[in-house]
Amino acid sequence: MTVRIAKSSILSMLPVKLLVAVLLAVASPSYGELVIRVTQGNDQPTKIAIAPIAMGGIQSSEDISAIVEADLARSGLFAPMERRDMLAFPSSASEVYYRDWRLLGAEYLVAGNMRAIAEGRYQIEFSLLNVSGQKTVLTHKVSGTSSQMRDLAHLISDKVYEEITGIRGAFSTRLAYVTATRINDVYTYRLNVADADGAREKLVLESGEPIMSPAWSANGKELAYVSFETGRPAVFRQNLVTAQREQLTNFTGLNGAPSWSPDGKKMALVLSKDGNPELYLLDLQTKKFSRLTRHFAIDTEPTWMPDGKHLLFTSDRGGTPQIYKLNIASKATERLTFSGNYNARPSLAPDGRTMAMVHRQRDTFHIASFDLKTGRMIELTETRLDESPTVAPNGAMLMYATKQGDRGVLAAVSLDAGVRYVLPSSSGDVREPAWSPFLR
């Protein structure tokens, strides 16, 4: 058995042997970095021009303005202007002739410049200008090293997006996901972390045994996940900077579906050590487990509500998998979903009101949103075998795993279903997405 360490879906309801079989079935023979393909955008996207950043003679392997263009285009809310159509490349607001940009149909313009501020450190000052209003609406500075140019670009995207939409940008966040490869009937599983646009993929863990259910800590510095490297499923936590990791469970049977509490001090998870899959709470400091549910049905897939006092989870205690709400203190449960014969894998938006989930009305699994206050449910996807929804920390988009041809890919859709894009790997199969929190 080989495990390499680098600097749960509803499947957790299945028996362990069947779980492994399912993971092997979805594996494909190769893997690669994620790429982006926008398949549907807003009907009336905001037309924006991102002028090339004036580098002042500074050399960089990254085209910062192109990264900002790609970020905004991926949101589906913006239509960036082609660089070849621009009449000028202003580097500051004082160089802008609004008439030229108005003739080109631009509603907004971003102009900026870079300069060295210390040995190995650089600063970009940029402005967002309202073309029709002929005014500067935002001027901001970001700074970093030559290795952080992509980070600076994403920060610019975040600021521009928030200024225009009023919603915090999530371009500086990251994704965790699992890939599976097969060479001569030998499988290799990899847990990877990448930027939200799929770039800078980094290996976290490589193993000859299945890896699943990655979950981010509240501070974005650690991942919890399930690994079969010990011969049975076990929950691990791993620091993404130091690569230090710790095995948290070693019980017989299922050990799965880890979910960090909002304060980072506890973890909800599923254990069948007492004979039946139940929800447990692990105190990460004392390492003590406390049982949360007691029912002959299968209880699984816990996710925390923002108040830290309630959990959403999946259970078939009503005859079919449905979403329930648990009061951690009183242990009282409440069934939330009734429409459809299958509702599972809850993922909550930051507003604490909108829940994404896997939904089946007839015979096809789709991703749906559910309003916890009104009970309104909306199907968001039209593909097949959709699973593992994870909501962006700004609540604007959700990502999920689906099939494209005979390959597993990641896809994203806005919570109003108006924007869609696909993130297939350059080759191979990818599953189990987890969107990070905002990173400080």
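Overview of the structure.

The rules behind each value
Residues numbered from 1 in each chain as written. Predicted model: local features only at pLDDT ≥ 70, side-chain atom pairs only at ≥ 80, totals over all residues. Heavy atoms only, no water. Helix = DSSP H or I, 4+ residues; strand = E, 2+ residues; numbered from the N terminus. Rg over C-alpha atoms; globule rule 2.2 N^0.38 Å. Buried < 20%, exposed > 50% of the residue type's maximum accessible area, 1.4 Å probe, protein only. Lys, Arg positive; Asp, Glu negative; His and termini not counted. Charge placed at Lys NZ, Arg CZ, Asp CG, Glu CD. Core = buried A, V, L, I, M, F, W, Y, C linked by side-chain atoms within 4.5 Å. Contact = heavy atoms within 4.5 Å. Pairing = 2+ DSSP bridges. Axes fitted to C-alpha atoms, helices over the stretch in contact; angles between N-to-C directions. Salt bridge = Lys/Arg side-chain N within 4 Å of Asp/Glu carboxyl O.

**As for the overall build of the protein chain**
A tally of regular secondary structure across the protein chain gives four helices and 31 strands. The C-alpha atoms of the protein chain give a radius of gyration of 23 Å, which matches the 22 Å a tight globule of 440 residues would have. Dimensions along the principal axes, computed over C-alpha positions, put the protein chain at roughly 70 × 45 × 45 Å. The buried share of the protein chain, taken over its 440 residues, is 54%. Computing the positive centroid from 50 side-chain charges and the negative centroid from 46, the protein chain places the two 5 Å apart.

**Describing the nonpolar core**
Ranked by size, the top nonpolar core spans 41 residues in total, and within it Ile48 and Leu72 carry the most contacts. Of all the elements, helix H4 (residues 149-165) adds the most residues to this core, at six residues. Apart from residues lying up to four places away in sequence, Ile48 is in contact with Leu72, Phe78, Ala79, Pro80, Met81, Tyr108, Leu109, Val110, Leu128, Val160 and Ile164. By size, the runner-up hydrophobic cluster in this structure holds 17 residues, among which are Leu191, Val204, Leu205 and Leu223.

**What to know about helix H2 (residues 64-74)**
Along an α-helix, residues three or four positions apart point the same way, because every turn accommodates 3.6 residues. When you tally the buried positions in H2, you get eight out of 11 residues, the bulk of the element. Those residues of H2 that sit buried are Ile64, Ser65, Ile67, Val68, Glu69, Asp71, Leu72 and Arg74. Gly76 lies just past H2 and shows a positive phi near 80 degrees.

**Some thoughts on the sheet that holds strand S25 (residues 365-371)**
On the basis of which strands lie adjacent, the open sheet formed by four strands has the order S23-S24-S25-S26 and antiparallel pairing. If you trace the sheet from one side to the other, it starts and ends with strand S23 (342-348) and strand S26 (377-379), each paired once. Strand after strand, the sheet turns through a mean of 30 degrees between neighbouring axes, direction not considered. Across three bridges, the pairing between S25 and S26 is antiparallel. When the sheet's bridge partners are listed, Ser369 is paired in S26 with Ile378.

**Description of the pattern of salt bridges**
Counted under the stated rule, the structure contains 18 salt bridges. Between Arg83 and Asp63 there is a salt bridge, with its nearest N and O atoms 3.1 Å apart. One end of the pair, Arg83, is in the loop between strand S4 (78-80) and helix H3 (98-103); the other, Asp63, is in the loop between strand S3 (46-50) and H2, with 20 residues separating them in the sequence. By relative accessible area, which is 26% here, Arg83 ends up partly exposed. Exposure remark for Asp63: the relative accessible area of 36% places this residue in the partly exposed category. Of the charged contacts in the structure, one is a salt bridge between Arg291 and Asp274, with a shortest N-O distance of 3.6 Å. With Arg291 in strand S18 (residues 289-291) and Asp274 in the loop between strand S16 (266-271) and strand S17 (278-283), this residue pair connects regions lying 17 residues apart in the sequence. A relative accessible area of 24% places Arg291 in the partly exposed class.

Interpretation in functional terms is not warranted from these geometric data alone.
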